[in-house]
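What follows is the residue order along each chain.
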Amino acid sequence: MTTHAETLADKIREIAGDAPVKIGLILGSGLGHLAGAVEGVAIPYDELEGFPHAGVSGHVPELVIGQLEGVRVAVFGGRAHYYESGRGDAMRLPLEVLKALGAEVMIATNAAGSMVPEMPTGDIMCLTDHINFSGLNPLIGEPSEAKFVPMKDCYDPQLREIIAQAADTAEVDMHSGVYAWYSGPSFETVAEIKAIRTLGADAVGMSTVPEVILGRFLGLRCAAISSITNMAAGMSDENISHTHTKAMAPLGAAKLEKVLRAALPNI
C-alpha cells in the first residue's frame, strides 16, 4: 500500500527529477535565504498536501530540490514548530517524504539563545546532544514499538567530525555544545534559563529536537547547527524578541553557509 509520503515523493520527482536526494536541510528562523544557494526547483508547501504552513515570519514555506556543492539536497525553507499547533509531530510528514526521496542524512539549523558568555550573538554552535526541556515528544501516539528510539549519539559523531573539519577549512570559529528545547512561543524566564544552564545546556531554542527524534525514528543520520541570535534571558541587557532574532540571524547565517558548503561534499 502506497503511503501519502510516497505519493508526495512521486509528485516531487515528477517536478524535480528522479535522482535520489542525499541530504535534507531544515532551515531555521532568518536562515531561509540559504535555499536560494541551491541550483534546482522550488516547490511551495501549499502544493504538497499535508505539509505545514510556515506560519512564522523568517521562514520560507518552500521545498527546494537541487544541487549544492555538487550534492543533491532537499532544503526545507521553513519548519513547523510545536507552539504553532500543539503538535510535536508537525514535521513528521516532511521528514517521511525526505526519507522516501532517498535521503540518508538530515541536517537541521536553528536560531538559538546562548547561555555561554563566550558564545555571543553572531556565533554558531554544532550540537553534540540535546535536553528535551519541554518534556514533549513527537512519537507520542505512535502505535508501533519502533517508537522506543535510542537517542545515544543522536547527533551523529561522524557527521559532527565532518562539520568540525569543514569549519576549520572555511576558517570559521564554531562552538560545540548541548541544545535545550523549550516549547515556546513565549521566551524563557530568567529562572528557567538558570535551571537550563544548571542542567548542562549551552544554547536554548524552540525547534530541532522534535525533528531529530523523528529523524532517528526514520533511520536518518542527524546533525544540527545553531546560529546564535541572542543571549538568553538574564545573560545580557538585550531586548529579546522574534524581530530581534530575525535581525540577528544573518550574522551567523553567513558563517553557517560557509561551513555547510565545505561539509556537504564530504558527507
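Coordinates for the structure precede this section.
Residues numbered from 1 in each chain as written. Predicted model: local features only at pLDDT ≥ 70, side-chain atom pairs only at ≥ 80, totals over all residues. Heavy atoms only, no water.

**Student:** Please provide a residue-by-residue account of helix H4 (residues 157–169), values included.
**Tutor:** In this model H4 runs 18 Å from its N-terminal to its C-terminal C-alpha over 13 residues, within 8% of the 18 Å that 1.5 Å per residue would give. Among the residues of H4, the N-terminal cap falls to Asp 156, whose side-chain oxygen and the backbone nitrogen of Gln 158 are separated by 3.0 Å. Glu 171 lies just past H4 and shows a positive phi near 60°. (Helix = DSSP H or I, 4+ residues; strand = E, 2+ residues; numbered from the N terminus. Expected span 1.5 Å × (residues − 1). Polar contact = N/O pair within 3.5 Å; in protein donor to acceptor, adjacent residues only side chain to side chain.)

**Student:** Explain the nonpolar core residue by residue, including any values.
**Tutor:** Side chains of nonpolar character tend, in soluble globular proteins, to be buried together. Among the nonpolar cores identified, the biggest contains 47 residues, and Ile 12, Phe 51, Leu 63, Ile 65, Val 97, Leu 98 and Met 106 are the most heavily contacted of them. Core analysis: the next-biggest nonpolar cluster, separate from the first, contains 31 residues, Val 64, Cys 126, Ile 162 and Ala 167 among them. (Core = buried A, V, L, I, M, F, W, Y, C linked by side-chain atoms within 4.5 Å. Buried < 20%, exposed > 50% of the residue type's maximum accessible area, 1.4 Å probe, protein only.)

**Student:** Quick one: what's the story with the pattern of salt bridges, residue by residue and with numbers?
**Tutor:** All chains considered together, the criterion is met by 10 salt bridges. Between Arg 87 and Asp 89 there is a salt bridge, with the nearest N and O atoms lying 3.1 Å from each other. On the accessibility criterion, Asp 89 (25% relative accessible area) is partly exposed. Shared partners join several salt bridges into a network, and the residues in it are Glu 69, Glu 257 and Arg 261. (Salt bridge = Lys/Arg side-chain N within 4 Å of Asp/Glu carboxyl O.)

**Student:** Give me the pairing of strand E5 (residues 105–114): which residues, what numbers.
**Tutor:** A large share of E5 lies buried, amounting to 10 of its 10 residues. Of the two faces of E5, the one lined by Val 105, Ile 107, Thr 109, Ala 111 and Gly 113 and the one lined by Met 106, Ala 108, Asn 110, Ala 112 and Ser 114 are each fully buried. As paired strands, strand E1 (residues 23–26) and E5 are joined by 4 bridges and run parallel to one another. Within the sheet, the bridge partner assigned to Ile 23 lies in E5 and is Val 105. Direction of pairing for E5 relative to strand E9 (residues 221–231): parallel, over a ladder of 10 bridges. Across the sheet, Asn 110 pairs through a bridge with Ser 226, a residue of E9. Strand direction decides the pairing type here: E5 and strand E8 (residues 203–205), joined by 2 bridges, are antiparallel. (Pairing = 2+ DSSP bridges.)

**Student:** Which residues make up the packing of helix H1 (residues 4–16) against helix H3 (residues 92–100), and what values do they have?
**Tutor:** One way to put it is that H1 packs onto H3 with a least axis distance of 8 Å and a crossing angle of 60°. Compared by their axis directions, H1 and H3 come out oblique. For the element pair H1 and H3, the recorded crossing hand is right-handed. Residues His 4, Ala 5, Glu 6, Leu 8, Ala 9, Ile 12 and Arg 13 of H1 touch H3, and the partners they reach there are Leu 93, Glu 96, Val 97 and Ala 100. (Axes fitted to C-alpha atoms, helices over the stretch in contact; angles between N-to-C directions. Parallel < 35°, antiparallel > 145°, perpendicular 65-115°, else oblique. Left-handed = near helix turned anticlockwise from the far one by under 90°. Contact = heavy atoms within 4.5 Å.)

**Student:** Help me get a handle on empty space enclosed by the protein, residues and values and all.
**Tutor:** The final tally for this structure, using the stated rule, is 3 cavities of 30 Å³ or more. The space that makes up the largest cavity amounts to roughly 70 Å³. Lining the largest cavity are 13 residues, with Ala 80, His 81, Tyr 82, Pro 210 and Glu 211 positioned closest to its centre. Split into classes, the residues belonging to the lining of the largest cavity amount to 7 nonpolar, 3 polar and 3 charged. For the second largest cavity, the calculated volume is near 60 Å³. What lines the second largest cavity is simply Leu 25, Leu 34, Ala 37, Leu 68, Glu 257, Leu 260 and Arg 261. By residue number, the principal contributor to the lining of the second largest cavity is helix H7 (residues 242–263), which donates 3 residues. Class assignment of the residues belonging to the lining of the second largest cavity gives a composition of 5 nonpolar, no polar and 2 charged. (1 Å grid on protein atoms, 1.4 Å probe; cavity = no way out; pocket = protein on both sides within 12 Å on 5 of 7 lines; lining within 4 Å. Points joined across faces, edges and corners; volume = space filled by probe spheres on them. Nonpolar A, V, L, I, M, F, W, Y, C, P; charged D, E, K, R; others polar.)

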